[in-house]
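Structural characterization, general
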Amino acid sequence: LIYGNLCFNSVFVSENLDWKLGIFDLLSEHAAMEKALDPPPFVLGYGFVGAHYLPGEVHKKEWHVIAGGPAWAVDAWGLGCFIQEVFRGSAMTEVSQ
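To keep things clear, this report deals only with the structure shown in the data block. (Residues numbered from 1 in each chain as written. Predicted model: local features only at pLDDT ≥ 70, side-chain atom pairs only at ≥ 80, totals over all residues. Heavy atoms only, no water.)

1. Digging into the overall build of the protein
When helices and strands are tallied, the protein shows 4 helices and 2 strands. What you see in the protein, going N to C, is helices and strands ordered as β-β-α-α-α-α. Whereas a compact globule of 97 residues would reach a radius of gyration of roughly 13 Å, the protein reaches 14 Å, a difference of no more than 12%. Its C-alpha atoms put the protein at 45 × 30 × 20 Å along the principal axes. A total of 97 residues make up the protein; the buried ones form 36% of that total. (Helix = DSSP H or I, 4+ residues; strand = E, 2+ residues; numbered from the N terminus. Rg over C-alpha atoms; globule rule 2.2 N^0.38 Å. Buried < 20%, exposed > 50% of the residue type's maximum accessible area, 1.4 Å probe, protein only.)

Here is the structure:
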């Protein structure tokens, strides 16, 4: 599965300090990335995610590269951005940060 929206605004902390992942609107099957006739939610909705949270393959719409790579690759980019945001204490606004 590809979560597709891992960022500062999609992780919630409970009163018990448990970290919870929310906003599953773009959750998609990794194997479905190349389906042109029935594209998964991530392919249809990635434009709603901040550009700095997505790897270059998504910006170039190289769905065959994403489908051929590991399922965790898109979310790994978002996780790296999220970790940076946690340590900075604020959300990123552009890729160069």
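2. Considering the packing of aromatic side chains
Per the counting criterion, the structure on display carries 5 aromatic pairs. Summarising the aromatic geometry, the rings of W19 and F82 are spaced 5.8 Å apart at their centres and angled 85° between planes, so their arrangement reads as edge-to-face. On the criterion of sequence distance, the pair formed by W19 in strand β2 (residues 19-21) and F82 in helix α4 (residues 73-88) is long-range, its members being 63 residues apart. Within the aromatic cluster, the residues linked to one another by ring pairs are F42, Y46 and W63. (Phe/Tyr/Trp six-rings, centres within 6.5 Å; stacked < 30°, edge-to-face > 60°.)

3. Things to note about the nonpolar core
Core analysis: the largest hydrophobic core is formed by 17 residues, its most contacted members being M33, F42, V58, W63 and I66. Mapped by element, the contributors of at least two residues to this core are α1 (41-45), α3 (63-68) and α4. Looking at which element gives the most residues to this core, the answer is α3, with 3 residues. Setting aside residues up to four positions removed in sequence, W63 forms contacts with M33, E34, F42, V43, Y46 and V58. (Core = buried A, V, L, I, M, F, W, Y, C linked by side-chain atoms within 4.5 Å. Contact = heavy atoms within 4.5 Å.)

So yeah, pure geometry; function would need other evidence.
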